[in-house]
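# Fold and contact review
Here is what each chain is made of, one letter per residue.
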Amino acid sequence: MANSMAYSRASRIKSALLATSMLTVAGPALAQVDEITVTAQKRSESLQDVPISITAFGTEKLEELEVSAFDDYAKFIPSLSFQSTGPNSTTVYFRGVVSGGDGNHSASLPSVGVYLDEQPVTTILGFLPVHIYDIERVEGIAGPQGTLYGASAQSGVLRIITNKPNPGEFQAGYDLEVNAVQHGEVGYQFEGFVNQPIAENAAIRLVGWYKKEAGYIDNELSGRVFPGTTNPLYGGLNPFNGGVLQPISKTNASLVENNFNDIETYGARAALKIDLSETWTATASLLGQKSEASGVNVFDPDMGDLNVARFEPDSNEDKFGQAALTLEGKIGNFDLVYAGSYLRRQIDSNTDYTDYAYYYDALYQTYQASAPAGYYYNFSAYFYDNAYANIDPSQFYQGDDSYGKYANEIRLSDQEGKFRFVLGFFQNHQRHKIHQQYIVRNLNDNLEVPNHADTIWLTEQHRTDRDLAIFTEIEYDLTNRLTFIGGVRGYRYNNSLIGFNGYGAGFSGSTGEAACFAPASVPDSPCTNLDSTIKNTGETHKLGLTYDLDDNKMVYATYSTGFRPGGANRRTPLPPYLEDKLVNYELGFKTAWADNTFVLNGAGFYQVWNDFQFPILGLNGLTEVQNAASARIYGFEADMTWAPTDRFTLNGSMSIIDAELSENFCGFNVNGSPFTACPAAVDDPATLGDESAPPEAPKGQPLPVVPKFKGTLTARYEFPIGSMTGHLQGSVSGQASSPSNLLVADQAIIGDQEGFVLTDFSIGVRNDSWRIVAYVNNAFDERPDLLSFVACPIGTCGIAGPGGNNGIYQGTAQPRTIGLRFGQDF
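Parameters and conventions
Each chain carries its own residue numbering, running from 1 in the written order of its sequence. The model is predicted, so local features are restricted to residues of pLDDT at least 70 and side-chain atom pairs to those at 80 or more, both for listing and for counting; the totals for chains, interfaces and linings are taken over all residues. To get the side-chain values, take all heavy atoms of the structure and skip hydrogens and water. Working definition: helices are DSSP H or I runs of at least four residues, strands are E runs of at least two. Numbering for both runs from the N terminus. For every residue, the accessible area obtained with a 1.4 Å probe (protein chains only) is divided by the maximum for its type, and the residue is called buried under 20%, exposed over 50%, and partly exposed between those limits. The protein chains shown are the only cover counted for residues, whose accessible areas, like all others here, come from Shrake-Rupley with a 1.4 Å probe. Within this document, salt bridges are pairs made up of a side-chain nitrogen of Lys or Arg and a carboxyl oxygen of Asp or Glu, the two lying within 4 Å of each other. Here the term patch refers to residues with relative accessible area over 30% and no salt bridge, with like charges joined within 9 Å and nonpolar side chains (Val, Leu, Ile, Met, Phe, Trp, Tyr) within 5 Å. A pair of strands counts as paired when DSSP detects no fewer than two bridges linking them. Residues belong to one nonpolar core when they are buried, are Ala, Val, Leu, Ile, Met, Phe, Trp, Tyr or Cys, and are joined through side-chain atoms within 4.5 Å. By definition, residues are in contact when any of their heavy atoms lie within 4.5 Å. Disulfides are defined in this document as cysteine sulfur pairs within 2.5 Å. The predictor attaches a confidence to each residue, and that confidence, scored 0 to 100, is pLDDT. The definition of a polar contact used here is a pair of N or O atoms within 3.5 Å, where within protein one atom must be able to donate a hydrogen and the other to accept one, and adjacent residues in sequence count solely through side-chain atom pairs.

### A few points about the overall build of the chain
Counting secondary structure elements, the chain contains six helices and 42 strands. Counting only residues that meet the buried cut, the chain has 58% of its 826 residues in that class. For the chain, the exposed area adds up to about 31000 Å²; of that, 57% sits on carbon and sulfur atoms.

Below, the structure written as structure tokens:
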């Protein structure tokens, strides 16, 4: 048949990256890299047949790499980068598409889509920290996937595929682990699953886990002194009662604790699969997980290794649940899939905000660059009790974030023959109820937000993000080797933000309550000062060609686009920010050599990111988002697997990314519009258009967070021990330095995030039913700079003052961890 080679590619046995043979024989023999099936294109096919840059980890590889959380596998995906300040505050990026400052509840949606099986779990609140156990596969898909995955798949997609119920046999297993963290505590986890057939055509699968992550950050004794008589604004006197302004001192003596950042996570997953007929299957699932974290996962380098000073209790409770249903079957010659889900997530938090009170209220709010050396006008004089005596202006905030999401997708496809297609409809509705109150103890009643005791600032908002889409993607075999790919997605979104944020009328005469224009629209708010909506329609596209050099080698060329929807700014009267789009040009290859013992895949890409959404801290320290400058990104990523014998396997991956601004960024005007030319002083309208002033970020400025080079290498050797199999494994992962911030002034304060190399080792033995593994992660106890940020505005950073720190913090990886893991299957 003339075209049989082209449309039978999906059925050919090809090699696959990051999955290795596990044969136990008496001596070394020729091996092949095992095939792994992926569903990145909404259908099952060999990874080597997919003209997309994908890194995939099968069940065995996830176990070999000791993966139980996102951080564990993220370092092995070459073009992925991320920032994290805790277990439920991780922001993920692909291929350098990052401007910094993402993750705020009122700001941009993520640029990376996350899926659990067929259901999207991308949330306004960021990455959903699903525990990794009894997982069939994790797929990291680089580059825009806008046609099949839509909004928030702008730069890539992460997919977590669970093991499904199997009516064919009973299965069960468990894993026990204990570990000790250098400079910290002992951690442990328990995991188990049961697969129970309940009929010839039905089975249920139950999975459960408990994990205690050891703390390793110490809350050290420290103090803060809020200026008193050094304030020249009122001659050193209290402006309300004429008394002498005394410095206010405080310590954290009652909160001093070693290893205070421990985390407990427990959860369960249940799935029921029923084969309704020979061609129809229904799978229903439930997922629930709860994490309880204390302390913070960052430290202050000025206070010493893994030390920090916190003045109020920090805690975070994150719980979520999801119900999902997937129906799969055939209508005539067509495949039909329906996937629906409902997700609820609740985060309750208590966070120390003393840094804000110190750097913003005490030093910055009335700071003037022309003030005499050492003088900083003390805004904290405005915090007083009912007797008008000045009080400790320290703040902490209590957060209550309630999130809900329901999504539905139905698609029809035909994957046989010369012409293949998928056609689908997608609906998504997200809502986020935001409650945050910033508390100053003993605050004067007249300064409070009404009906909220001691609350200097209140946020009571409802955010809603809705989108609809129709999409299609086709493949047509032009010849027996050459295939055309085309796709388009038409979308419509409607995003809104309504409610209240700000001060009470007794504290501010122009913002907060004073800016209200309507009665309360959100429960527990005094009134409404924010009501903003943005709607739009648009398209995203994909065009491509693939060419089979032979049965084991393919090259491809792709043009694709991705987008993030626009959204509402929470500071009135700023207009909404608009959607931003990413255009991707890509050339790639998938190859297998030497009888499938060596696999090498790679892709080069050039991306244009126009008018990208850029979050900044604006008036009153509020995050606002504007469409800023444009950027260009080019790079190369590759991965390989070499299995010369059935005993030895070598996996590697790397990326080289160069991401920078393609035009000057001159900042924003007071109304939120970007300057087209760089003014000498943004507060002086007479200087607008004066291009002699330097831009806030010049053309050629590197985009933050993304290293120019990232790479990983894993070697595994297996050997017989009687009837058992032993192994030795070592992994090295690392990256070059990366900028911490986009803006020149911020970058000058923090500097680059330094490059690093992490090394892991494991040794183990197994037979057909049990396994035991000893491992060392971060073997040389490195402190990689995974996150650097400041808690101070420009003009006060680095001003420690009596008892103060410099306002600069760093997030890092867990220190050297030595662990023992035992598992058994039945």
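### Things to note about the pattern of salt bridges
Where side chains of opposite charge bring their charged atoms close, a pairing between them can arise. All chains considered together, the criterion is met by 45 salt bridges. For R411, the salt bridge identified is with E409, shortest N-O distance 2.7 Å. By relative accessible area, which is 4% here, E409 ends up buried. Between R420 and D477 there is a salt bridge, with its nearest N and O atoms 2.9 Å apart. Of this pair, R420 sits in strand β23 (residues 419-439) while D477 sits in strand β24 (residues 455-477), and the two are 57 residues apart along the sequence. Across the pair, exposure class does not vary: R420 and D477 are buried alike. By sharing partners, the salt bridges in this structure join D175, E177, E191, R771, R821 and D825 into a single network.

### Details of a nonpolar patch on the surface
Taken together, the side chains of I410, L423, F425, L468 and I470 define a hydrophobic patch exposed on the protein surface, amounting to about 410 Å² of accessible area. When you line up the elements, I470 lands in strand β24.

### Some words on the pairing of strand β42 (residues 817-825)
For a regular strand, the rule is simple: side chains alternate between the two faces of the sheet. Pairing analysis gives nine bridges linking strand β10 (residues 171-181) to β42, with the strands arranged antiparallel. Looking at β42, one finds that D175 is bridged to G823. As defined by bridge partners, strand β39 (residues 770-777) adjoins β42 across eight bridges and the pair is classed as antiparallel. Following the sheet pairing, V773 is matched in β42 by R821.

### A short note on the nonpolar core
Counting residues in hydrophobic clusters, the biggest one holds 36 residues, and the most contacted among them are F70, Y73, L80 and L158. Where this core is concerned, the elements lending two or more residues are α3 (70-74), β4 (80-84), β5 (90-94), β6 (112-116), β8 (135-142), β9 (156-162) and β12 (202-213). In this structure, F70 is in contact with L80, F82, T90, V92, F127 and L158, ignoring residues within four places of it in sequence. In terms of nonpolar packing, the next biggest core, distinct from the first, is built from 23 residues, I616, A659, V705 and L743 among them.

### Details of the state of the cysteines
In total, this model carries one disulfide according to the counting rule given. Linked covalently through their sulfurs, C516 and C527 form a disulfide whose S-S length is 1.9 Å. Its S-S torsion of about 65 degrees marks the bond between C516 and C527 as right-handed, since a negative value means left-handed. Remark: C527 occurs in the loop between β25 (482-502) and β26 (530-550) and C516 occurs in the loop between β25 and β26; sequence separation between them is eleven residues.

### Details of the pairing of strand β32 (residues 631-642)
β32 sits mainly inside the fold: nine of its twelve residues count as buried. Where strand β29 (residues 598-610) and β32 come together, twelve bridges link them in antiparallel fashion. Within β32, the residue paired with G602 across the bridge is A638. Sheet analysis places β32 next to strand β33 (residues 648-661), joined by twelve bridges and oriented antiparallel.

### Looking at the sheet that holds strand β40 (residues 787-790)
Taken together, three strands build an open sheet; the order of strands is β18-β41-β40 and the sheet is antiparallel. Strands with a single pairing partner mark the edges of an open sheet, and in this sheet they are β18 (298-299) and β40. In terms of strand pairing, β40 meets strand β41 (residues 808-811) through four bridges, oriented antiparallel. Residue S788 lies in a different strand from β41, and its bridge partner there is Q810.

### Regarding the confidence of the model for the chain
Of all residues in the chain, 85% attain a pLDDT of 70 or more, and the chain-wide mean is 86. Averaged pLDDT values over the elements of the chain bottom out at 36 in helix α1 (residues 4-7) and peak at 98 in β12. Counting interchain partners and residues more than four positions distant, the pLDDT-below-50 stretch residues 365-377 has 19 contacts. Within the model, the stretch residues 800-804 combines pLDDT values under 50 with eleven contacts to residues more than four positions away or in other chains.

### Topic: the environment of F396
When you line up the elements, F396 lands in strand β22 (residues 396-414). Since its relative accessible area comes to 8%, F396 is described here as buried. For F396, the contacting residues outside a window of four places in its chain are E312, N350, T351, D352, Y353, Q437, Y438, I439 and R441.

### Section: the environment of Y438
For Y438, the location among the structural elements is in strand β23. C-alpha separation for the pair Y438 and D454, spaced 16 residues apart in sequence, amounts to 8.3 Å. In contact with Y438, not counting residues within four places along its chain, are Y353, Q395, F396, Y397, D454, T455, I456 and W457. Within the structure, Y438 has its side chain in polar contact with the side chain of Q436 (distance 3.2 Å).

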